[in-house]
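Listed below are the residues making up each chain.
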Amino acid sequence: MELCNGTVIKKPKRLTSVVWDHFERVSKADICYAVCVHCSKRLSGSSNSGTTHLRNHLLRCLKRSNYDVSHLLVKRRKKENGVTLSHHSFDDGQQKDDHIPVATIKFEQEPKEEERIATCRTSKFDQERSQLDLARMIILHGYPLSMVEHTGFKMFVKNLQPLFDVMSDSAIQLDCIAIYEREKQKMFGFLNKLRGRINVSIEVWSSQETARYLCLTAHFIDEEWNSQKKVLNFILIDAAHTEDIHSEVIIKCLMDWDVERRVFCMTFSDLSTGDDIVCRIKDHLSQNRPLLAGGRLFDVRCSVKLLSLLVEDAMDALREVARKIRESIHFVKSSQMIQGKFNDIAQQAGVGIEKCIFLDCSTRWNSTCTMLETALVYRAAFSEMTQQDPSCQFHLSDEEWEWASSVTGYLKLFVEITHLFTGKGIPPTANIYFSDICDVHIQLIGWCNSSDAFISSMALKMKQKFDIYWEKCCLSLAIAAILDPRFKMKLLEYYYTQIYGSGAQEQIKYVSDAVRELFDEYVIGATSMALDPGSSRGSNEPRDRLKGFDKYLHETSQSQNETSDLDKYLEEPIFPRNYDFNVCSWWKVHTPRYPILSLMARDILGIPMSTVCEESAAFRTGGRVLDRHRSSLNSDTVQALVCTQDWLRAEQTALPKRSRECILISSTSPCCQIVLGFGSCEIRVMSEVIAGEHWRSLKFIDHYSGFDVMNLQGSIEHHALVVILS
């Protein structure tokens, strides 16, 4: 309705909101209205009504021209660059009106949802950007490239945005390649800036087209002590080539990424990977830079793959028994009448029916373990069923039931350990593996000594594979456990006594000497870096001929009787064990106390003791298989999709910024102790906000029992201390 006789009121200066650029304020009969200049709709214009309803109308106004009004929803920022905190004092003598000046604190706020929606509704359509967004979506979620050709997808896009021109699958493939090249450059720069060493895992994938791929993944702990992994390459292996070519492919990939001089160790998924392949890689890497610990820590094998191989041996030994149990369950479930009869027999035998029997999935060995475990509960019912029903022909003897019981006990141990190694979906740090692998070792020793010929023969076959793994990985496992402050040398002594008996001391000494030898190499390396911080030279430059002097300098300095980081660490009491302990957080806090040992801990704890970190892959019988959509693509596209998906997912799973809380603490004491019970949240002290403050020390005591305890000692010249929780 138009207001012909209404008097137009000129907008006063106090109407400073930008919303009034789109409304005219009019009055009629002492009532103020706001009339939209686009559609002439009349809304309340009273000063008591505010402007929120006017902004909402602009977002829905169909006649409004297509220009950006997202600024309507952005709150006006204060022009002042500083803030003043008042009336916050713990000093009774301070006046309430006193103000405590604090330097500028900038809080980065995430855009509000309505601001984001407004921008999306009012921004101009961009075909190129939309294409790249679609390509990123396909990469991130693993959708098939052919989805852009699907009729349903085209209809959805046309209804959503008629201006969008749906491209072909070949065009979207080119966009995916372009995204890969751009992300690869970013990843190259990221890896080049890393100061520590890099561990590389090697895993073989297969496809439904019978092709095989070699997947190279970098594992490391960054300077913030976060465990990270990045897929570097996904290379098609030529079927005409032998496994000897694998070493050349791996070396070329490392050279392309310019990380061959920084590789600490390599983890191979296959326990049977030939030593000659590993030796060729070691020899090449040693030409540019000698491997630490004489290369004894270089060759690591996948622990989850080891468990799968042990399970295969156990399943093979129990194959006939498992077949009978499987057929018996199939018979019971063949009809409702037989199922009801079986339930009645179970109740008469005193067996509860809380757990239902089920058939296992042939491709997942943990389901077979659960099937056997459930069948054992109904052992009496199955035995009675075969006697009452002649059609049930799959009778198990008491000896076979005992074998099933024994093997199921072993499998349950392997399931539990596999869950521990892969349950979180991210590669765990290397310190958690030692105790569980030692438990498997001790169990195998006991099973080999069993009086039951069936059990002992099965265990001997399993132990042959375990010994191959143990010979290659025991030193890495032990050193990683020593660098866990909850264990140090004590856990090694505890397990080695059970494993080696009278020869335990010799093995413990071997590990202890290896730890000290490795630490000495880090001391020499740290000394070299201190003498020449810019010593990063190219591979064509001459070698440093004064390496021997660095070693001599380190050896002669031992006479000064200075306690090293390693000795100091081992002599101090072990840290109390608790459930939510994070070894990376502990080392991050204690890096100032152990500056050289922390460098060694970062490299050791970052060793991937397993190439599998997802439960879905850990329990699968057989190796990793590429899906059928990607199997049909050319090798360059497959590599682009697999690598970029890993990089984009890492960005998506990064922790979002949490809202920050500010605590103002006033104190005149020269020693201020702050105890904050915020779980494991990170506490940062913004010392720069305190003018004239000179800290003597800033020390985190410990993360203990869910509390962060921080001890601040300094000469307090001002009364304000601001702690930012982030």
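These figures come from a predicted structure and were not determined experimentally.

A. Quick peek at the overall build of the protein. A tally of helices and strands in the protein yields 24 helices and 18 strands. The proportion of buried residues among the 726 residues of the protein is 42%. The long-range share in the protein, meaning contacts at least 24 apart out of those at least 6 apart in sequence, stands at 69%. A total accessible area of about 40000 Å² is found for the protein, and carbon and sulfur atoms account for 51% of it.

B. Representation of the pairing of strand E7 (residues 198-207). In terms of burial, E7 is a largely internal element, eight of the 10 residues being buried. Relative to strand E10 (residues 263-268), E7 runs parallel, the two being bridged by four bridges. Bridged to Ile202 within E10 is Phe268. Two strands pair when backbone bridges link them, and E7 and strand E8 (residues 212-221) are joined in this way by eight bridges, in the antiparallel orientation. Along E8, the bridge assignment pairs Trp205 with Tyr213. Joining the antiparallel neighbours E7 and E8 is a turn of four residues, in which Thr210 adopts a positive phi near 65°.

C. View of the packing of helix H8 (residues 303-317) against helix H13 (residues 398-422). Remark: H8 packs on H13, axes separated minimally by 10 Å, with the N-to-C direction vectors making an angle of 165°. Classed by the angle they form, the pair H8 and H13 counts as roughly antiparallel. As for the relative orientation of H8 and H13, their crossing is left-handed in sense. For the pair H8 and H13, the contacting residues are Ser303, Val304, Leu307, Leu310, Val311, Ala314 and Met315 in the first and Val407, Leu411, Phe414, Ile417, Thr418, Phe421 and Thr422 in the second. Residues that form the contact of H8 with H13 fall into these classes: 11 nonpolar, three polar and no charged.

D. Main features of the side chain of Thr422. Along the chain, Thr422 turns up in helix H13. A polar atom in the side chain of Thr422 sits 2.7 Å from the backbone oxygen of Thr418. Excluding residues within four positions of it along the chain, Thr422 makes contact with Val304, Val612, Cys613, Glu614, Glu615 and Ala618.

E. Structural view of the packing of aromatic side chains. A full pass over the atoms with the stated rule returns 29 aromatic pairs. A centroid spacing of 5.6 Å and a plane angle of 35° characterise the contact between Phe342 and Tyr378, whose relative ring orientation is tilted. Of this pair, Phe342 sits in helix H10 (residues 336-348) while Tyr378 sits in the loop between helix H11 (365-377) and helix H12 (379-388), and the two are 36 residues apart along the sequence. Ring centres of Phe414 and Trp447 lie 6.4 Å apart, and the angle between their planes is 75°; this geometry places the pair in the edge-to-face category. Residue Phe414 is found in helix H13, and its partner Trp447 is found in helix H14 (residues 433-448); the two are separated by 33 residues along the sequence. For the pair Phe414 and Trp447, one class covers both residues: buried.

F. Molecular detail of the side chain of Glu203. Along the chain, Glu203 turns up in strand E7. Here Arg624 takes part through its side chain, which lies 3.2 Å from a polar atom of the side chain of Glu203. In this structure, Glu203 is in contact with Tyr213, Leu214, Cys215, Ser269, Thr611, Val612 and Arg624, ignoring residues within four places of it in sequence.

G. A look at the pattern of salt bridges. Under the criterion given, the structure shown has 29 salt bridges. Residue Glu517 is joined to Arg296 by a salt bridge in which the shortest nitrogen-to-oxygen separation is 2.9 Å. Taken together, the residues span a long stretch of sequence, with Glu517 in helix H17 (residues 504-531) and Arg296 in the loop between helix H7 (275-288) and strand E11 (299-301) at a distance of 221 residues. Classification of Glu517 by relative accessible area gives partly exposed; the value is 36%. Among the charged side chains, a network of salt bridges with common partners joins Arg136, Glu183, Lys186 and Glu651.

H. Structural detail: H7. The terminal C-alpha atoms of H7, which comprises 14 residues, lie 21 Å apart, in line with the 20 Å expected from a rise of 1.5 Å per residue. In the core, the buried residues of H7 are packed alongside helix H6 (244-256), E10 and E11.

I. Quick peek at the pairing of strand E9 (residues 227-237). Judged from the 10 bridges that link them, E8 and E9 form a sheet pairing that is antiparallel. Note that in E9 the partner of Leu214 across the bridge is Ile235. Hairpin geometry of E8 and E9 is characterised by an intervening segment of five residues between the two adjacent antiparallel strands and by a positive phi of about 60° at Trp225.

J. Focus on the nonpolar core. Phe414, Phe434 and Trp587 are the most contacted members of the largest nonpolar core, which has 114 residues in total. Top element by residues in this core is helix H15 (residues 453-482). It accounts for 17 residues. Those residues in contact with Phe414, other than ones at most four positions away along the chain, are Leu307, Leu310, Val311, Trp365, Val440, Trp447 and Met462. In terms of nonpolar packing, the next biggest core, distinct from the first, is built from 39 residues, Leu191, Ile198, Val263 and Val638 among them.

K. Seen up close, the packing of helix H3 (residues 127-141) against helix H24 (residues 635-652). Two elements in contact, H3 and H24, have axes separated by 8 Å at closest approach and are oriented at 90°. Of the possible angle classes, the one that applies to H3 and H24 is roughly perpendicular. Judged by residue contacts, Arg136, Ile139, Leu140 and His141 of H3 engage Leu641, Thr644, Gln645, Leu648, Arg649, Glu651 and Gln652 from H24.

L. Broad picture of a nonpolar patch on the surface. Side chains of Leu546, Phe549 and Tyr552 sit close together on the surface and give an oily, nonpolar patch of about 340 Å² of accessible area. Among the secondary structure elements, Tyr552 is positioned in helix H18 (residues 547-557).

M. Broad picture of the environment of Val231. Mapped onto the fold, Val231 is located in strand E9. Under the relative-accessibility criterion, Val231 is labelled buried at 7%. In sequence terms Val231 and Cys215 are 16 residues apart; their C-alpha atoms lie 7.4 Å from each other. In this structure Val231 touches Cys215, Leu216, Thr217, Cys643, Asp646 and Trp647, once residues within four positions along its chain are discounted.

Rules and cut-offs
- Residues numbered from 1 in each chain as written.
- Predicted model: local features only at pLDDT ≥ 70, side-chain atom pairs only at ≥ 80, totals over all residues.
- Heavy atoms only, no water.
- Helix = DSSP H or I, 4+ residues; strand = E, 2+ residues; numbered from the N terminus.
- Buried < 20%, exposed > 50% of the residue type's maximum accessible area, 1.4 Å probe, protein only.
- Contact = heavy atoms within 4.5 Å.
- Areas by Shrake-Rupley, 256 points an atom, 1.4 Å probe, with all protein chains shown as cover.
- Pairing = 2+ DSSP bridges.
- Axes fitted to C-alpha atoms, helices over the stretch in contact; angles between N-to-C directions.
- Parallel < 35°, antiparallel > 145°, perpendicular 65-115°, else oblique.
- Left-handed = near helix turned anticlockwise from the far one by under 90°.
- Nonpolar A, V, L, I, M, F, W, Y, C, P; charged D, E, K, R; others polar.
- Polar contact = N/O pair within 3.5 Å; in protein donor to acceptor, adjacent residues only side chain to side chain.
- Phe/Tyr/Trp six-rings, centres within 6.5 Å; stacked < 30°, edge-to-face > 60°.
- Salt bridge = Lys/Arg side-chain N within 4 Å of Asp/Glu carboxyl O.
- Expected span 1.5 Å × (residues − 1).
- Core = buried A, V, L, I, M, F, W, Y, C linked by side-chain atoms within 4.5 Å.
- Patch = residues over 30% accessible without salt bridge, like charges linked within 9 Å, V, L, I, M, F, W, Y side chains within 5 Å.

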